[in-house]
Every structure is written in structure tokens, then in C-alpha cells.
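The primary structure of each chain is shown beneath.
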Protein chains: 2
Amino acid sequence: MSSVAASEAPVTTDPREVFLQRAAAVVGPENVVRPHAEEGYIDPYPLQAGRAKWPGVRPANTSEVQELVRLAAETGTPLWTFSCGKNLGYGGPEPRDHGMVALDLSRMNRILKVDARLGYAVVEPGVTFFDLFDHIREHGLDLWMSVPALGWGSVLGNMLDRGYGMTPMGDHVKNLCGLEVVLPDGDLLRTGMGAMEGTDLGPIFQGGFGPTLDGLFTQSNLGVVVSGGLWLMPAPQAFANGDIMVEREEDLPALIDVLTQLRREDIVQNNALCGNVVRAATMRGSRRDFWDGEGSIPDWRLDEMRREFGIGQWNAKFGLYGDPRLVRQRLEIVRERVTAAIPDARVDARVYEGEEGRRLEHERIAEADRTQMAGVPTLRPLSTVAWAADDGGHIDAAPIIPARGEEVYAFYREAKALYAEYGFDLYIGYHLYPRHMVHVTMIFFERGNEEMLARARELYSRLLDAARARGYAPYRSHVDYMDRIAAGFDFNDHAALRFQEKLKDAVDPLGIIAPGKQGVWPARLRDHSVKENSLDRIIG
Amino acid sequence: MSSVAASEAPVTTDPREVFLQRAAAVVGPENVVRPHAEEGYIDPYPLQAGRAKWPGVRPANTSEVQELVRLAAETGTPLWTFSCGKNLGYGGPEPRDHGMVALDLSRMNRILKVDARLGYAVVEPGVTFFDLFDHIREHGLDLWMSVPALGWGSVLGNMLDRGYGMTPMGDHVKNLCGLEVVLPDGDLLRTGMGAMEGTDLGPIFQGGFGPTLDGLFTQSNLGVVVSGGLWLMPAPQAFANGDIMVEREEDLPALIDVLTQLRREDIVQNNALCGNVVRAATMRGSRRDFWDGEGSIPDWRLDEMRREFGIGQWNAKFGLYGDPRLVRQRLEIVRERVTAAIPDARVDARVYEGEEGRRLEHERIAEADRTQMAGVPTLRPLSTVAWAADDGGHIDAAPIIPARGEEVYAFYREAKALYAEYGFDLYIGYHLYPRHMVHVTMIFFERGNEEMLARARELYSRLLDAARARGYAPYRSHVDYMDRIAAGFDFNDHAALRFQEKLKDAVDPLGIIAPGKQGVWPARLRDHSVKENSLDRIIG
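All figures in this text were calculated on a predicted structure; none of them were measured in a lab. (Residues numbered from 1 in each chain as written. Chains lettered and ligands numbered in written order. Predicted model: local features only at pLDDT ≥ 70, side-chain atom pairs only at ≥ 80, totals over all residues. Heavy atoms only, no water.)

Give me the interface of chain B and chain A: which residues, what numbers.
Contact residues are listed per partner, giving 99 residues for chain B and 98 residues for chain A. When chain B packs against chain A, close to 8300 Å² is buried across both sides, 59% of that on carbon and sulfur atoms. Considering only the side of chain B, the residues that lose the most area to chain A are Phe209, Arg435 and Phe491 of chain B, jointly responsible for 12% of the buried surface there. At the junction of chain B with chain A, the criterion picks out 20 salt bridges. Residue Arg330 of chain A is joined to Asp266 of chain B by a salt bridge in which the shortest nitrogen-to-oxygen separation is 3.9 Å. When residues of the side of chain B that touches chain A are traced back to their parent elements, those giving at least two are strand S9 (188–190), helix H6 (252–264), helix H10 (324–341), strand S17 (400–402), helix H12 (405–422), helix H14 (482–487) and helix H15 (491–507) of chain B. Of the residues forming the side of chain B that touches chain A, the biggest block, 11 residues, is contributed by H15 of chain B. Here the side of chain B that touches chain A is built from residues that sort into 44 nonpolar, 26 polar and 29 charged. (Contact = heavy atoms within 4.5 Å. Buried area = accessible area lost by both parts, 1.4 Å probe. Salt bridge = Lys/Arg side-chain N within 4 Å of Asp/Glu carboxyl O. Helix = DSSP H or I, 4+ residues; strand = E, 2+ residues; numbered from the N terminus. Nonpolar A, V, L, I, M, F, W, Y, C, P; charged D, E, K, R; others polar.)

So, in C-alpha cells, the structure goes:
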């Protein structure tokens, strides 16, 4: 193992070939995907046309991951790690550059433990939200999980990228508890209390002894997480699926303020979602069903559409969970507070109750049209991707903003003007937390339409600039924008990035694991002129 | 700056003297405490007699901390960092060995910001719970904070050592949001969103871009935290101070199970506290007021005492917070559930309500006898230290245990037998979380009584062994036991400690900051034979 291994490799062939040949002895030839092969990896929604598929390996277990990591070090082959590759809108399985080999963990799909008494699970990275949901249902466990918009992705992958769902446990990374990690040298680490032999505290208590390590492995290239604990909530006896509709665009600040205050007071129990008319329209059809002109759909037409849909200018959804008496009392308080803030707001709710005081079964809610607030995985939002074209894609712009209504509104106005300038429809799905909100907007495009993609990229850049100028940054990033977003973290000559790089060099001196993930490059690729287009550098 | 600076220092004088002389130019001579000076630092409850006071420096601001850290590196002087030194039962300001100089941050006591709208504060390490409470009250802010048993300690220090309080935000480290840290090379780091210039998201959103760093600086020697953000809760409109009393020792498992289930379901909103008769007695007087024999107070006498006090064998306290209608509804559910589980349990509560729908003011609750559940700082529990002798001290043994009643009871029985074997009274104050509990027991002793201290140390060791045999470990440690507890984290040849050491060597290659904190030693002191008694080694 030497840091010069990469440069000693013969430059006449793709050095990945040596790795792939030797990897076949570890995982079996059927689990090695060759460059450009049909089943190769690619961003399903590429922001630039003409990208090629790239190769990968699919280990079955932890010891295979350890062998592959050691082999990568020996051959100087950087690995790009993902769980299921379903990180849509952020690059999917796409690496920072194509000189890497995919370390595809989707075959490691065992549910190692589910404890219904204390409410936790331990899973491998290949376990999807559907898998865990099915397990809980099949075993009749009184547990609810939290799911993101789409249920086919990895539970662990979503948590590690700091994704979220919509139940009271929807801030997923906060419910991550104890990791098992293959380090870049092949060593095996357990974090927290799980670092003791013969304990079951690993997925029960967050924190161990000394510096807490779990956070280091989120949005990270410091190791390969091979299993993790996560917390689940008891199935409630009742659940209320609440809706709030307001009539005016300018009602937004008051709506944000009242909902986040209700969240701070633990009356609304989940992160409420607040969407605009475009968002509602994407669930009812494609753009051409509503508007056949150029540019953003104009306000007058959006107002017509929302009246046709029977909805508000802003439409918020919230969830209430628990004893039916508390759910009803909470709902009454939500109504009081919202109508005190916005007198003509409409507050509706459908309350589901378990029969004879028993806990709720998911099936009844799963039949309803919206399910993520009840932790039921779905693929329904996938259809929205056809908004701009049948062969559609999207990129998400999701800065974090302080949960102050007037600030949110000011940024909304700026984003709206930018979308109009570039001729896209502003899709909004805000997620409201106690102190911050995630200002989720999407740009829908036609795949391979280079004119439209160029506009989308420029709009995305302008949105990033606008956010950064106000002190906001996205909580997560598409692979193509990681360096750019990292560059915005500029306090004291990028002290945070410099510290992350110091850790990277100490833990992964050869720079084998996911170089460039979230802008953190290993020393050998840190020179900016190299990393901008490092494919040729790495494959020689 | 060189790693051999320490060994090049003249061996005839204490190398700390060079540091202290030069430090006087940084902080002023009045803020340099000489070795053995009257105002020197010492564990107020030492576990061994005859310890000497040790020297320190008291910086006023971040740039002085940076200068001191650089000076420590130049002179090879290890610094032991603390905020206010009030970590009683864990060593107070005591370092791992006396070759170090105290970096006493108590003069850095500015409250940098309190935001009543979103509910957060930014404080320096010298800000105590009393300071922050007074600030909130004086400014009439509608906020409640969370406080630990004693209010004179550092807010930030408590959070960084992963201490807890008793409100809904009582798991303090979970409400830590954004740190400013002087690194061992004097560089200044901001974590999370605060790593951007010109943002106020630092104390608002947990997480930034790339690996999350905040956890690394808890129970840590990787840097000196000079300010941090923390979240506060809105003052509720109503607060219920609830009590549950059960008649039999063997009611404990059912009590643990019902209270933790209520917590998992978010009906009880804080971490309930469950104490035994000895705990109640320590608040009512000294041991000799109740028993003048040798050995543990026998069960028959404890039963007499609890009848005199009018309390149960186990006495739990819980808090309910928020809209008065929700508080009353929650209380009704608590009563139903507890009496369903333990029919003869007594459930009492005193409900405080704000006048005319306004938020509660603290004063009314502060007048009541118990205040920590309402976030009111106090020094009242300090009197319990006189249990064993007028000149008393204590050490806390607080392993984390899964919140399963039968497991808790089994460990309780084992601990009780050990306390009897060593002739101490078993003080219990369990803190009940959704999935784990903190099994807090204390050993009270007479300071300087070497016979009693020897028994206390042996009992403490036996308790550690008993916990480890069941897969439990303390969540926090007295300085004298850090190596021993760290050694219990033994998965894969102590992979977690080896990883923490790797980070230590990368971030603090000279081993300047708090060597040995939580068992993490820098490379130069890692040899076990050296670290066991390193005073002579370091001071030459």
C-alpha cells in the first residue's frame, strides 16, 4: 500500500481494469460491472448531455467491502460509494468524475434487527424504505417509520446524506444511532456504545465515550458505512392528515410564522410541508395540460388553475399523531392559531383512529392519496418528473433559511423572478422545522435537451448565488455543484473545509474513498486545476 | 513549534514556569495562577487524599486563547481546558495529570445573542446557567432553558461533556447548534452553517456541508470551544409538575416501562426522574439524622423513613408543558396508563398556568420546592453532599442501560448488593429517556478519610465491572477513571479509541490540548507505562 501506487500504474490502460479484474475474485464476475456496459451507472437526470455509463462492483457483505477497499488502495483506484443510487436530483449514483469505480452496496440488504419494544432497527445500506416498511407490516409490529418523497431508495443512504421525511421523526439524521464503518484502510469501526463487544446499546443511545463520531460519516468520504441503527416511532392510536389553504401569495409570511411557532411549541408534531400551485399542478398532469405558451405560467393562469383544483395559493400539510384525545385537542389549537393569524385560511383534517383503542394499521392510510406523513413509502411523486417533457428530469435547489416569514417571502420573490427570467415554472415544497426551513424548489427539464439544460444550469447557478448572498446554503448537493457550494463556506479562509481535508488526509491518506464528495478532495487531487476535469488524470 | 520542545526544556525547572511567565504577557499577571497558589485548581471531591493545587491561566477572549494555545505548543506545555470547573463528581477542574496548566475559560462569559423569536442563544464558555437565566428574565423573554442539578456551572461546558437537564430539551447535547473552536494550532474553526461568512444560520440549523463536526468537540481534546449556539424552548402557557409514587421495590420494572413508553409516545415530554428513599433522605438531612449504625441503612429502616416522609419506595417526577388543555389531557393519560400498569400507584400533579392565557413566568415556579423541571437553576442539591459527613464529597456512577424494566431491576439489585458489601447507602436518581436510561447512583464520602475513600474507590470499580459485564458503560467519567472506561470499548482491538487517537494525532500532533481526556492520549504519551503517572515525565 503506497501513495504512489496510482502514478506507478501503467498509463497505457485504464487502471480501473486491474481493479475490476481482481475484484471479480472477491465478489464474483457477475457482480463486476464493466465500463460502458448496459447495466453501468449513470445519473438518470444528467445536467449535461452525452455522459457515458461507468463501472462498478457489488459486494455482498462487510468482509467483501473490506477486501475491495484494500484492493482499491493497492491499485490506486478511487471508489465512489452509494447504497442504492436513488439520490435523484442530486446525481443518483453519479461520481465526482468518471475515473472512479462505483462501490454499489445495494446487495447488502439485510434487516439485521427490528426492536418493537424500544423502537429501533439496524439495517444494511441496501435496505430500501419499501423493504423496511414491508418487514414491519409482515411482522405486525406496532411501529411507524419515516419515509422521504420516494420509497425505493436506501434508508441508510438517505440518513447519511441528511435527507428527511415527514413524520415526527422526519429529520432522519437525528434518528441515526450507531454505525459500523469500513475505514479506508480496511479496518472496521463501530461508533458510539456499539464500540463495546457484547452490548446492545449501539442503536439505543446516541453517543459513546469521547468525541462523537457518527456525524463524521454523514455527507462524508471518510469511510464506507456497512450498517447503522435508526429509531422508529410507536404506531399512534390516531393520526390526523391536516391541510391549510390560504388565498393570497402574500399570506406566506404569516403562514410560515404560525406553523413554525406551532412546531416550536410541539403542537404540530411533524415538519409541515407548504407547496405552491405549480407543485399541486405537477401532481395532476404535465405543463402542457395547463399552459401551452412560452416562459413561466403567468400568475393569472395559476390563479385560474388553483380555483379549478379547489386549493389555495399556498397549501400546507401537517400531521398529528398519538392518543385520539390529544390529536383532536391539537387540531383545535392549530385551527385557533391559524385563523387568528390568517382569518380566511381554511383548515381541514382527516382523522384516522385505530379501532377500539388499538394502534393504527397503515393499510387504511396507505389507501388515501397522501401517505408520506404516515410513513408509508410510495413512488407516486415520480410522475411529477414528466412536468416539462415526457422524457423529463429535475434538479433540486434547496437552501436552508431561518424560519422567519418575511425572510422566506423575500427569498421566494427573488427566486420567482429568476425562474421567470429563465422561463421555468417555480415548483415549491417548503419543509418547515422549528427554527429553519428547507426552501425546496425544483427545476424540471427535458433530458438531453441541451438548450433547456443550459438554461437550467444557469438558473441553478443564479439561485445558488442569490442564496449565498443572503447567507443561505443548500443542505445537500448535486455532484456537479459540490465544489461550488463548499466554496461558499468561507469563514477564516475556508477553515471548515480545511479541517475536513485534514481529517480526510489522516483517515484516507491515499484518497481512495469518494474523492471530492461534498467538495472534500484528498491531497493528491486537491489542486483545483486537477480536480476540475480529473478523468484524464486518474485514468492516465 | 516542534514536538521536541518539551524534552529540550531545562530539566531542572518546571517547564510550566516558562509558559506561565510568557502567558502573563498575554492575559496579564493577575490572570496567571501559580502552582500551589491559594486560588489554584483542585478537584473539590478528590478520590485520593493529599493532592496539590495546580496552576492555570484565564484568558478573556478568543484571541487570547489562540495566543495561549500557540504558546503552549512552543513551550511544550499541555493545557487542560474547562469552562467553569464545576463538573462536580467528575473531577471539577482536575486534569489527567498535574504536569498540565489549566486553561480556565470562566472569564469568557459573554452572552453573545439570545433570539426569542426562533428560540436560541449563543454563549461563551464562562456563561453559567444562572447567568443565562437572569438574562432571559431581565429581558422579559418568553423562553425557558434547561438546567442540570446545579446552576452554577457552564452552560456550554455541560453540553460539551454531554450533561443533561430535565425539561423537554434536557438532552443538552442534542440542542447544541454550531461551535466556534480554537484548534490546537491556533487556527479558528466554525462548524455547521456558521462556517459561512455573513450568515446567522449557525445556531439555527444543525449540520452544514460535508461531514458534521460538532460531535467531535464533545467530550473531546481536539480543540478549545470558545462559543456555541444552543436551542431554547418557548415559555409554555402551562406547566405540570407531576409525581408518581409506588409502594414496592419490585414495582420498579413496571414503572420504568410505563414511563419510557409514555416518553416514546411524546405524552410525558421530559426525561422523568425516578429516585429511591435514600435520594429523598439526602434532601431532608444527613445520614446520622436517620441512622447511626454501621453499613448501609437496612431496608426496614428505609421503609420506616419513607412512611415518615409520606413517599413511595420509588418516586418519579415528570413534567408536562404547553397549552393548558393539552397539559390536562396529557396528565389524564399519564394517570390512566400508570394506574393500569401499577394499580396502587399514586399520581399527583401541580399545574401552573399563565394568567389570562399568557405564558408562564418563572418566578411562581421558582418559589416551589423543585425547579429544574421548569428550567430554573438552583444550588439546592448541593446540600446532599453532606450526607456521609459534614465535610463530604461524592462520585457519580452513571451507566447507560436499555430502558427495559427487567434489565434495570436486575442491575439495581446487583448495585444494591455491592453498596451493602462496601457499607454505603445506595442513592438512586434514574433519568428515563425513550430508549435508554441513565442509572445515576452516587457514592457519598468524607473528604480526606482515606479508609472511606479506599472503600469508595473499590465499590466504584466493582460497579464499573458489573456494568461492563452487562454491556453497559457510563456516559461520562471522573478523570481518574477515563482510561479504564475507554478500555471497555473493545470492539475490534479498540477500533473506536484507535480512530479517536488517529484524529488526535492529525489535529493536535504536539498533544497540547487536554491529553488523556476520555482516554484519548496524544502519541507521545500513549505508552501506558508513561501515562499512568506522567507528572514526573512531563515536568522533568
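From this point, the discussion proceeds with the structure in view.
Which residues make up unusual backbone geometry, and what values go with them?
Both trends apply: most residues other than glycine have a negative phi, and most peptide bonds are in trans. Of note, the phi angle at Gln219 of chain A is positive, near 45 degrees, even though the residue is not glycine. Its place among the elements puts Gln219 of chain A in the loop between strand S9 (188–190) and strand S10 (224–231). Judged by relative accessible area, which is 1%, Gln219 of chain A ranks as buried. Of note in the backbone geometry, His494 of chain B takes a positive phi value of approximately 60 degrees without being a glycine. Topologically, His494 of chain B is positioned in helix H15. (Buried < 20%, exposed > 50% of the residue type's maximum accessible area, 1.4 Å probe, protein only.)

Give me the pattern of salt bridges: which residues, what numbers.
Applying the stated criterion across every chain, the model contains 97 salt bridges over all chains. Close ionic contact of Asp348 of chain B with Arg346 of chain B constitutes a salt bridge, the shortest N to O distance being 3.4 Å. For Asp348 of chain B, a relative accessible area of 33% puts it in the partly exposed group. The salt bridge partner of Arg526 of chain B is Glu501 of chain B, with a shortest N-O separation of 3.6 Å. Placement of the pair is Arg526 of chain B in the loop between H15 and helix H16 (528–531) and Glu501 of chain B in helix H15, with a sequence separation of 25 residues. For Arg526 of chain B, a relative accessible area of 23% translates into the label partly exposed. Through salt bridges with shared partners, one network takes in Asp115 and Asp200 of chain A together with Arg404 and Glu407 of chain B.

Before we move on, could you go through the sheet that holds strand S4 (residues 101–104) of chain A and cite the residues and values that matter?
All names here are of chain A. Strand order in this open sheet of four strands is S1-S2-S4-S3, and the pairing throughout is mixed. The sheet is open, and its two edges are formed by strand S1 (32–33) and strand S3 (79–82), each paired on a single side. By the bridge criterion, two bridges tie strand S2 (residues 56–57) to S4 in an arrangement that is parallel. Along S4, the bridge assignment pairs Val57 with Leu103. Sitting on the sheet, helix H3 (residues 62–75) touches S2, S3 and S4, and the angle it makes with S3 is about 155 degrees. (Pairing = 2+ DSSP bridges. Axes fitted to C-alpha atoms, helices over the stretch in contact; angles between N-to-C directions.)

How would you explain the packing of helix H12 (residues 405–422) of chain A against helix H13 (residues 450–469) of chain A if you had to name every residue and give the values?
All names here are of chain A. Taken N-terminus to C-terminus, the directions of H12 and H13 make an angle of 160 degrees; their axes are 10 Å apart at the nearest point. Regarding the angle of H12 to H13, the classification is roughly antiparallel. Seen along the crossing, H12 lies across H13 with a hand that is right-handed. Residues Phe411, Glu414, Ala415, Leu418, Tyr419, Glu421 and Tyr422 of H12 touch H13, and the partners they reach there are Arg455, Glu458, Leu459, Arg462, Leu463, Ala466 and Ala467. A breakdown of the residues in the contact of H12 with H13 according to their chemical character gives nine nonpolar, no polar and five charged. (Parallel < 35°, antiparallel > 145°, perpendicular 65-115°, else oblique. Left-handed = near helix turned anticlockwise from the far one by under 90°.)

Residues and numbers for the packing of helix H10 (residues 324–341) of chain A against H10 of chain B, please.
At a minimum axis distance of 10 Å, the contact between H10 of chain A and H10 of chain B shows a crossing angle of 175 degrees. Put simply, H10 of chain A runs roughly antiparallel to H10 of chain B. Taken together, the residues of H10 of chain B that come into contact with H10 of chain A (itself represented by Arg325, Leu326, Gln329, Arg330, Glu332, Ile333 and Glu336 of chain A) are Arg325, Leu326, Gln329, Arg330, Glu332, Ile333 and Glu336 of chain B. Partitioned by chemical class, the residues of the contact of H10 of chain A with H10 of chain B number four nonpolar, two polar and eight charged.

Tell me about the relation of the copies chain B and chain A, and name the residues and values.
Turning chain B through 180 degrees and shifting it by 0.0 Å along the axis lays it on chain A, with an RMSD of 0.0 Å. A rotation of that kind, with that shift, is consistent with a two-fold axis. Looking at the rotation axis and the C-alpha trace of chain B, the residue lying nearest is Ala506 of chain B, at 3.0 Å. A high fraction, 99%, of the interface residues of chain B reappear at the interface in chain A, so the copies pair face to face through one surface. (Least-squares fit on C-alpha atoms with pLDDT ≥ 70 in both.)

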